[in-house]
Amino acid sequence: MTALTGPLRALAEQPAVRRSLPAIGTAGALGLAALAWWSFQTPPQRSLFEGLSDADKSAVVTALQASGISYTLNPDSGAVQVGDGDLQRARILLAGQGLPKAAPAGDALIANLPLGSSRAVEGETLRSAHETDLARTIEAIDSVKTAKVHLAMPDPSPFVRDQRPPAASVMLTIQSGRALSEAQVRAIQQLVASSVSGLAADQVSVVDQSGALLSGQGASADDKNFQLQLQAENRFRQALTTLLTPMLGDGNFTAEVHADIDPSESQSTRESYPQNDRALRSEEGNKTTSATTNAPAVGIPGALSNQPPPPTQLASQAPAQTPAAPAAKADGDSTETYSRSFDVGREISVTHNPEGRLHRISVAVAINETGKKRSPADVAAIEGLVKGAVGFDQGRGDIVVVTSRPFAPVEVTATSFWDKPWFMPLARQLGALLAALLAFLFVGRPLMKALKGDKKAAAGDAAETAALTGAAGATLPPPPVTLDMIETAPSYEARADLVRNFVRQDREKASLVVKQMVETR
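Note that this is a predicted model, so its numbers are computed, not measured. (Residues numbered from 1 in each chain as written. Predicted model: local features only at pLDDT ≥ 70, side-chain atom pairs only at ≥ 80, totals over all residues. Heavy atoms only, no water.)

## Focus on the pairing of strand E12 (residues 357-368)
Of the strand pairs in this sheet, strand E7 (residues 253-262) and E12 are connected by 10 bridges, and their pairing is antiparallel. Among the inter-strand pairings, Ala259 is bridged to a residue of E12, identified as Ile361. Sheet topology note: the E12/strand E13 (residues 399-405) ladder contains seven bridges and is parallel. Along E13, the bridge assignment pairs Ala366 with Thr403. One crossover worth recording links E12 to the parallel E13 by way of helix H9 (residues 376-390), and it is right-handed. (Pairing = 2+ DSSP bridges. Helix = DSSP H or I, 4+ residues; strand = E, 2+ residues; numbered from the N terminus. Right-handed = clockwise from strand over helix to strand, strands pointing away.)

In structure tokens:
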């Protein structure tokens, strides 16, 4: 340590260095204070995006440099980091420029296709370009963050029995806090199916980042019924909100709807034959006429005279288109045979009750009484409006309840001052100022005091030397210089002065000392 600190101590004892030490100490104290200010003033760094490729990192860095946003590169992960206050502004800027680009566009893949590629390489490149273009198209949907499309295109076969239909799968990363509706999922299926020849929409599987199947293939009946119930309840709730908000004001009412959906599907066929619903289709017959039908009454009056002719004897009816057997004839009678065919009326009724029919609906509406209490007539009028909005059917067993009560006051949780957005920047500013003051007070100021003390001590030594000088201006002879004083001189200049004084005092002794030194060497 002595060998290391000796040259530094000798350098510090030089007159020019000693004169500049106060300025050096002041500059060091100010630099230390500035370093403390900068360390506390610099905001924490946050990564813009995770898992970027090198090409995307280069494009992002170029865009940040052009916009004047400072950035750093994490030495461990290589991620591009910006200040906490510039994070959102940088992301918005990069999104406006289409960065980062997760994959090249399809036309770029085709343009970079090398000449002389084999048919298999060309086919795979074209399929990859097709998948990339479909993914970019799906990402245009607001709720979709990223998309990945896989197409399964079987090789064509000359045999019909060996041909297989194409299929596709879509992997979606949904934006945070967003969800895709069933209609949007069907639209994605139709988009992919319409872009691939021979691909059916039901052969497109859509999966999100959590592994949930969104396309509905293999969904259970309970899930379908639950979704149907939610859709019905949301539709009724939206109708109530649209109706009551202009009248009562936003936040002055709450409405809850429960829809009872019948998940069963039934179909019945009924065939009936109405009574007294007949129509004569055909008629055949013979007419028998008695010879005495128009004969005048003759004979002796009495019980046996003027008798009506005997009844006509008809044969039993036969089925349609079957000739009747001739009836027995009486003497002098003519026989007429009939054959009649009737069509009986028949009614067929088919009843089909579809799945998901609304069985019953229950509605509860609570109204806030902000001022004067509402009369029963006003409540009844609002209840009538609610019934009309939801399609109330008493025969179906619907229930609608409307009540008016004061709402409980909402307790607003006071936000602590350290959770305010202005607290952390202010804390960083005050911390930086405090660190700078502490560095100046405990490091810079003691150093400056020490340097001033050294100057005062040197001035005291000079005054003491002047006091030794005679009042009349006569200078006292300097003290004799010895070899021990020369060897223990603190600096080079002091040693040189002592050597000069030693030579002036005794030249012969000085020459002997020099001679001994030369002979020793």
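## Description of the sheet that holds E7
Hydrogen bonding along the main chain pairs the strands of a sheet, whether they run parallel or antiparallel. With mixed pairing, three strands are arranged side by side in an open sheet as E7-E12-E13. Edge strands, defined here as strands with exactly one partner in the open sheet, are E7 and E13. Each neighbouring strand pair of the sheet contributes to a mean axis angle of 10°, computed without reference to strand direction. Helix-sheet contacts for H9 involve E12 and E13, and the interaxial angle to E13 is about 145°. (Axes fitted to C-alpha atoms, helices over the stretch in contact; angles between N-to-C directions. Contact = heavy atoms within 4.5 Å.)

## Section: the sheet that holds strand E5 (residues 167-174)
Overall, mixed pairing links the three strands, which are arranged E4-E5-E6 in an open sheet. The strands lining the two open edges of the sheet, one partner per strand, are strand E4 (144-152) and strand E6 (204-207). The mean angle between the axes of side-by-side strands here comes to 15°, regardless of whether they run parallel or antiparallel. Where E5 lies against E6, four bridges are found, and the strand directions are parallel. Among the inter-strand pairings, Ser169 is bridged to a residue of E6, identified as Ser205. The strands touched by helix H6 (residues 119-138) within the sheet are E4 and E5, with E4 carrying the most contacts at an inclination of about 150°.

## Thoughts on the nonpolar core
Core analysis: the largest hydrophobic core is formed by 20 residues, its most contacted members being Ile138, Val170, Leu172, Val192 and Val204. Of all the secondary structure elements, the ones that give two or more residues to this core are H6, E4, E5, helix H7 (182-195) and E6. Ranked by size, the runner-up nonpolar core spans 17 residues in total, among them Phe236, Leu244, Val363 and Val402. (Core = buried A, V, L, I, M, F, W, Y, C linked by side-chain atoms within 4.5 Å. Buried < 20%, exposed > 50% of the residue type's maximum accessible area, 1.4 Å probe, protein only.)

## Things to note about H6
Note: α-helices contain 3.6 residues per turn, so residues at a spacing of three or four share the same orientation. End to end, H6 covers 29 Å across 20 residues, agreeing with the expected 28 Å (1.5 Å per residue, within 8%). Within H6 the residues assigned to the buried category are Thr125, Ala129, Glu131, Thr132, Leu134, Ala135 and Ile138. (Expected span 1.5 Å × (residues − 1).)

## A short note on the packing of helix H3 (residues 54-67) against helix H4 (residues 87-96)
Running from amino to carboxyl end, H3 crosses H4 at an angle of 115°, the nearest separation of the two axes being 10 Å. Between H3 and H4, the interaxial angle falls into the category roughly perpendicular. Like other packed secondary-structure pairs, H3 and H4 cross with a definite hand, here right-handed. Contact residues: H3 offers Val60, Ala63, Leu64 and Ser67, while H4 offers Ala90, Leu93 and Leu94. When grouped by side-chain class, the residues that make up the contact of H3 with H4 number six nonpolar, one polar and no charged. (Parallel < 35°, antiparallel > 145°, perpendicular 65-115°, else oblique. Left-handed = near helix turned anticlockwise from the far one by under 90°. Nonpolar A, V, L, I, M, F, W, Y, C, P; charged D, E, K, R; others polar.)

## Topic: the UniProt feature "transmembrane region" (unreviewed entry) in the protein chain
Under the present numbering, the feature "transmembrane region" (unreviewed entry) in UniProt falls on residues 21-40 and 422-443. Across residues 422-443, helical content stands at 95% and strand content at 0%; the span's end C-alpha atoms are separated by 32 Å. (UniProt positions renumbered as here; feature names shortened; annotations may be inferred.)

## Remarks on a nonpolar patch on the surface
A cluster of nonpolar side chains, contributed by Leu32, Leu35, Leu433, Leu434, Leu437, Leu438, Leu441, Phe442 and Val443, occupies part of the molecular surface with about 840 Å² of accessible area. Counting residues per element, the ones that place at least two in the nonpolar patch are helix H2 (15-41) and helix H10 (423-468). No other element matches the seven residues that H10 contributes to the nonpolar patch. Topologically, Leu434 is positioned in helix H10. (Patch = residues over 30% accessible without salt bridge, like charges linked within 9 Å, V, L, I, M, F, W, Y side chains within 5 Å. Areas by Shrake-Rupley, 256 points an atom, 1.4 Å probe, with all protein chains shown as cover. Salt bridge = Lys/Arg side-chain N within 4 Å of Asp/Glu carboxyl O.)

## Overview of the confidence of the model for the protein chain
Mean pLDDT for the protein chain: 75, with 71% of residues reaching 70 or above. Every residue in residues 317-328 scores below 50 in pLDDT, and together they form 19 contacts with partners more than four places removed in sequence or on other chains. Segment residues 470-475 is flagged for pLDDT under 50; beyond a separation of four residues in sequence, or across chains, it makes two contacts in the model. (pLDDT = per-residue confidence, 0-100.)

## A word on the packing of aromatic side chains
Under the counting rule described, the total for this entry stands at zero aromatic pairs. In this structure, Arg235 is placed above the aromatic ring of Phe236, and the distance from its NZ or CZ to the ring centre is 4.5 Å. It is Lys387 that lies over the ring of Phe392; its NZ or CZ is 4.7 Å from the centre. (Phe/Tyr/Trp six-rings, centres within 6.5 Å; stacked < 30°, edge-to-face > 60°. Lys NZ or Arg CZ within 6 Å of the ring centre and 35° of its normal.)

## Digging into the pattern of salt bridges
Applying the stated rule across the entire model yields seven salt bridges. With its nearest N and O atoms 3.7 Å apart, the salt bridge here joins Lys387 to Glu383. Separated by four residues within a single helix, Lys387 and Glu383 lie in helix H9, roughly one turn from each other. Looking at Lys387, the relative accessible area reads 27%, which means it is partly exposed.

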